[in-house]
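Now for the letters of each chain:
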Amino acid sequence: MNEIILTNLETVPGRSIVEHYGLVQGSTIRAKHVGRDLMAGLKNIVGGELKGYTELMMESRRDATGRMLRQAEELGANAVINVRYSTASVTQGAAEILAYGTAVKVE
Amino acid sequence: MEALAILAVLLALGFGAGRHLESRHYRSIREREAANIHIPVVTFKRLEPGRAVADARLAVGSIVVSADYFKRFLAAFRKIFGGELHSYSSLLDRGRREAILRMRESCRDADVFLNCRFETSSISKGRQDKISCVEVIAYATAVRFADEVRPQAAD
């Protein structure tokens with residue numbers, strides 16, 4: 001099976017949808033660790049990008065997307081359309097990343 | 001007295017280094033924006049009809065940015081009177097433009113980015129948490145056309 005196609009449109013451009021499987025989602029809640037916090041605290045004085053946090057969020061997003069893809073794979077889909085991301089701060093110092101979309105089969 | 005000295009140092013550091021880093025970042029943003037201005041990023045979902053599509057995939061770019069000490073100080077001051085927080089708008093502007101650039105750079109062979117969406121969230125909430133930062137995500141569907149003729153010639 002080839003790689004699952006992800007888009008945030010209602011279609012996959014250039015392909016036609018033959019079957020809908022419904023909602024798939026994946027989420028992860030990550031806490032930052034103390035070392036990263038310390039660095040971020042220092043960086044916070046001069047401002048700018050907090051690279052440690054950016055990496056953390058990117059890893060989490062990859063995880064959440066991966067879980068969503070696994071769900072889609074189990075359903076027999078080969079594409080997930082209309083993908084959305086959402087981030088929420090759950091407790092202090094932890095963030096949840098949610099990825100959701102509609103699993104479909106395209107030609 | 002000591003506390004005041006520390007505050008003064010932090011403010012000076014935030015003002016000096018923060019301003020320097022920001023202008024450097026803006027310079028890099030402007031250069032990279034100019035380099036790939038010919039590839040459109042749009043917020044609608046439909047392609048012009050009749051174009052053969054080679055492939056489509058999701059492109060994501062994100063960044064976590066924080067304000068410097070001086071800006072936070074200004075913002076705290078501003079909160080007394082209300083009104084626009086100018087010191088924070090440049091922060092979010094930087095974040096958003098950088099996120100778009102990273103999204104573009106993750107799919108260098110794309111011809112158009114459809115349905116671009118932003119998502120901004122404050123990832124450290126709470127009063128005790130001294131680190132104030134926002135995360136900006138930009139995502140879109142990167143479409144590559146099958147034919148050789150590009151929609152807009154890069155000149």
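Residues numbered from 1 in each chain as written. Chains lettered and ligands numbered in written order. Predicted model: local features only at pLDDT ≥ 70, side-chain atom pairs only at ≥ 80, totals over all residues.

Asker: Can you tell me about the sheet that holds strand β1 (residues 53-66) of chain B, naming the residues and giving the values?
Answerer: Spatially, β3(A)-β1(B)-β3(B)-β2(B) is the arrangement adopted by the four strands of the open sheet, whose pairing is antiparallel. At either end of the open sheet lies a strand with only one pairing partner, and these are β3 (48-49) of chain A together with β2 (112-122) of chain B. Contacting β1, β2 and β3 (133-145) of chain B, helix α3 (residues 86-106) of chain B runs over the sheet at an angle of about 150 degrees to β1 of chain B. (Pairing = 2+ DSSP bridges. Helix = DSSP H or I, 4+ residues; strand = E, 2+ residues; numbered from the N terminus. Contact = placed C-beta atoms within 7 Å. Axes fitted to C-alpha atoms, helices over the stretch in contact; angles between N-to-C directions.)

Asker: Describe the pairing of strand β4 (residues 79-89) of chain A, naming the residues involved and giving the relevant values.
Answerer: Residues and elements named next belong to chain A. Pairing of strand β1 (residues 5-6) with β4 involves two bridges; the strand directions are parallel. By the bridge assignment, I5 is partnered in β4 with A79. Taken together, the nine bridges between β4 and strand β5 (residues 94-106) define a ladder with antiparallel strand orientation. Residue pairing across strands places S86 opposite L98, the latter belonging to β5.

Asker: Hey, could you go over the interface of chain B and chain A for me, with residue numbers and the actual values?
Answerer: Listed as interface residues are 46 residues of chain B and, on the opposing side, 34 residues of chain A. At the level of secondary structure, the elements contributing two or more residues to the side of chain B that touches chain A comprise α1 (2-35), β1, α2 (69-81), β2 and β3 of chain B. Here the side of chain B that touches chain A is built from residues that sort into 23 nonpolar, 12 polar and 11 charged. Judged from the two bridges that link them, β3 of chain A and β1 of chain B form a sheet pairing that is antiparallel. Each bridged residue has a counterpart across the sheet, and for G48 of chain A the counterpart in β1 of chain B is S66 of chain B. (Nonpolar A, V, L, I, M, F, W, Y, C, P; charged D, E, K, R; others polar.)

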